[in-house]
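Spelled out, the chains give:
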Amino acid sequence: MLLIDCPHCGPRAQSEFAYDRTLDAIVQLAMVPSDAMTTLYTRANPRDWSDELWHHRSGCRTWLVVRRQTVTHAIESVRAC
Amino acid sequence: MGRVSRYSALALLRGALTGQRHWDRAWRDPAPRKSYDVLIIGGGGHGLSTAYYLASVHGITNVAVLEKGWIGGGNTGRNTTIVRSNYRQPALHNFFDFALGLWEGMSDELNFNVMFSPRGAMFLGHSDSDMTALAQRGDALRCDGIDAELLTRAQVAALVPLLDMSPSARFPVHGGLTQRRGGTARHDAVAWGYARAADTLGVDIIQNCEITGFTTTGGRVTGVETTRGPIGAGRVGICVAGNSGPVAALAGIELPIEAQTLQAFVTEPVKPMIDTVIMSQSLHCYISQSDKGGIVLGGDPDQFPSYAQRGLPPRLEKTAAEAIALVPALSRLRMVRCWSGTTDMSFDGSPIISALPVDGLYLNGGWCYGGFKATPGSGYAYATLLATGEPHALARPFGLDRFASGATIDEAGVGPMPQLR
């Protein structure tokens, strides 16, 4: 299981958190529809380091940016969004 | 005595006199040629069946299947072996039922026993609303001529006597929906059977050969770079579900796919105790008994991106808890193995069998957690696309353009959020 170091709560089990999407998949309100569609519906899907948006759903409910390796599951950094 | 490659009782008897040393190897181990008419990247069940149907249906035999490891070593060997076609959406159930038809004749066609066992695949309903959904699904299936049978609580109890039907059951069973033609198959044998049949027709199966790049000329793919040197090709088909993202990235393409881990596990073997496939889509718990006797259990994916091919304990715990609540006798069994595959989670839950924006390059992927059951249909449809450039009629809804046009086929109705699926 991942151990995610929430900046507010400290190290907590991954089961308290929910993955939402990669950072590059956040649709900005100013986007034209074609860009919004591309942002929402295509992913780099890296087999490597990835910046992800997680939610401390069963904790402090902070949205977090987690930099994580998708093969080893190593976590480099966690910061509040 | 000459070498024998066709499997039969007579050949087995002949071999009894000579210690069974007369058998030919099941497929060759050729070095890659300079170029092929069609290159298939990925030697799983889908890639190998594609090669087989290219050769057997379309007469295209100058074909190679490139596999980075050994054939069938990826998701083909990492599933729960369930075969069925009872989806709600017509595009899905018609396609998967075409595949189910091919399963029924597969062992004969390939001269290889894939141990397809149509023991029935039954969804459980745990509430009135579950039963309404199952009845709707059954009606949708029967409208397209696919077998579906709505079962009462008493019928389910008779079919699986070990289910907890007591008044205090954690997950009350209101009834079920079964597809009697569904069942299980031996997953390794499917890869081996297609490999042997394709090889016999002249297809080169090249293992330990990983793609490192694509070569293109004027916007058209002309071949691939591999760890065993460059190989030219007229057409290239990507068929690497689980790794579609990284392979497509070599061609500069981003896909509506995210990789996740899906795990399964098996108990020690016991005498026959469950003779049908039990599935609960409210719980996402899948239970069947292998021919060897082990109880095979599967659940949800780990709901975040991963290529680790190893799952996390909370998912195993949840699946085991659900399975034991449904069939309390399972609590007495020990788990002996667990394994994980990397699923290609597409953004509507349906597969992608499609041309890509690079000429001559095609994709078969996005199978989410349900690719094994599609193996023969996927290969058949992909062979049609690779041979003719036109999609097979039943695979036409599964083009990459559906995400832009809005014609997605979303059985769960959750959109581009695979972790919610």
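See the structure shown above.
Before going into details, it helps to say that this report is about the structure given with it. Predicted model only: the values in this text are computed from it and were never measured. By convention here, each chain's residues receive numbers from 1 onward along its written sequence. Working convention: letters from A go to chains and numbers from 1 go to ligands, in the order in which they are written. Two thresholds apply to this predicted model, a pLDDT of at least 70 for residue-level local features and 80 or more for giving and counting side-chain atom pairs, whereas whole-chain, interface and lining totals are computed over all residues. With hydrogens and water set aside, each side-chain value is computed from the structure's full complement of heavy atoms.

What about unusual backbone geometry?
Here's step 1: With phi around 70°, His73(A) is a residue other than glycine that occupies positive phi space.
Here's step 2: Every helix listed is a DSSP run of H or I at least four residues long, and every strand listed is a run of E at least two residues long, numbered separately from the N terminus. Within the element layout of this structure, His73(A) appears in the loop between strand 5 (63–69) and strand 6 (75–80).
Here's step 3: You can call His73(A) buried: its relative accessible area is 9%.
Here's step 4: Although it is not a glycine, Met115(B) sits at a positive phi angle of roughly 55°.
Here's step 5: Relative to the assigned elements, Met115(B) resides in the loop between helix 3 (90–110) and strand 4 (121–125). Burial here depends on accessible area, computed with a 1.4 Å probe over protein chains only, as a share of the maximum for the residue type. Under 20% is buried, over 50% is exposed, and the range in between is partly exposed.

Examining the sheet that holds strand 5 of chain A
Residues and elements named next belong to chain A.
Here's step 1: A sheet is described by the order of its strands in space; here 4 strands give the open sequence 3-4-5-6, paired in antiparallel fashion. Bordering the open sheet on either side are strand 3 (18–22) and strand 6, each of which pairs with just one other strand. The sheet shows a mean angle of 30° between the axes of neighbouring strands, direction not considered.
Here's step 2: By the bridge criterion, 4 bridges tie strand 3 to strand 4 (residues 49–55) in an arrangement that is antiparallel. Paired with Arg 21 across the two strands is Leu 53, which belongs to strand 4. For two strands to be treated as a pair, DSSP must find no fewer than two bridges joining them. Whenever a helix is involved, its axis is fitted only over the stretch in contact; in every case the axis is a line through C-alpha atoms, and angles between N-to-C directions fall within 0 to 180 degrees.

Details of helix 1 (residues 33–41) of chain A
Here's step 1: Those residues of helix 1 of chain A lying buried are Ala36(A), Thr39(A) and Tyr41(A).
Here's step 2: Two residues qualify as a contact provided that any one of their heavy atoms is within 4.5 Å of a heavy atom in the partner residue. For helix 1 of chain A, the secondary structure elements touched by its buried residues are helix 10 (402–405) of chain B.

Some thoughts on the sheet that holds strand 12 (residues 257–267) of chain B
Residues and elements named next belong to chain B.
Here's step 1: Reading across the sheet, the 8 strands line up as 5-6-4-13-14-15-12-16 and stay open at both edges, with mixed pairing between neighbours. What marks the edges here is a single partner per strand, and that holds for strand 5 (149–152) and strand 16 (335–346). With strand direction ignored, the average angle separating the axes of adjacent strands in the sheet is 25°.
Here's step 2: Pairing between strand 4 and strand 6 (residues 175–179): 5 bridges, direction antiparallel. When the bridges of strand 6 are listed, Leu 124 appears paired with Gly 176.
Here's step 3: Packing of helix 4 (residues 128–143) onto the sheet brings it into contact with strand 4, strand 5 and strand 6, and relative to strand 4 it is tilted by some 145°.

Things to note about the nonpolar core
All names here are of chain B.
Here's step 1: Nonpolar cores were defined as sets of buried Ala, Val, Leu, Ile, Met, Phe, Trp, Tyr and Cys residues, with membership established by side-chain atoms within 4.5 Å. Ile 40, Phe 95 and Trp 103 are the most contacted members of the largest nonpolar core, which totals 50 residues.
Here's step 2: Listed by contribution, the elements that provide at least two residues to this core are strand 1 (35–41), helix 2 (45–56), strand 2 (63–66), helix 3, helix 6 (187–200) and helix 9 (375–388).
Here's step 3: Take this core: its biggest share by element is 8 residues, from helix 3.
Here's step 4: Residue contacts for Phe 95: discarding those within four places in its chain leaves Ile 353, Trp 367, Ala 374, Gly 377, Ser 378, Ala 381, Leu 394, Ala 395 and Phe 398.

Re the layout of surface pockets
Residues and elements named next belong to chain B.
Here's step 1: Reported here for the second largest pocket is a volume of approximately 540 Å³.
Here's step 2: When contributions to the lining of the second largest pocket are tallied by element, the ones reaching two or more residues are helix 6, strand 12, strand 14 (285–289) and strand 16.
Here's step 3: Here the lining of the second largest pocket takes 3 residues from strand 16, the largest share from any one element.
Here's step 4: Each residue receives one of three labels: charged for Asp, Glu, Lys and Arg, nonpolar for Ala, Val, Leu, Ile, Met, Phe, Trp, Tyr, Cys and Pro, and polar for the others, Gly being one of them. Of the residues in the lining of the second largest pocket, the class split is 7 nonpolar, 11 polar and 6 charged.
Here's step 5: Each domain's extent is set by a domain assignment, obtained either automatically or from a database. Shared between two domains, the lining of the second largest pocket takes at least three residues from each, and those domains are domain 1 (34–81 + 187–256 + 348–420) and domain 2 (115–181 + 259–343). Only protein atoms enter the 1 Å grid, on which a cavity is a set of points fitting a 1.4 Å probe that cannot get out and a pocket is an open set with protein on both sides within 12 Å along at least 5 of 7 lines, lining residues being those with an atom within 4 Å of a point. Grid points are joined across faces, edges and corners, and a volume is the space filled by probe spheres set on the points.

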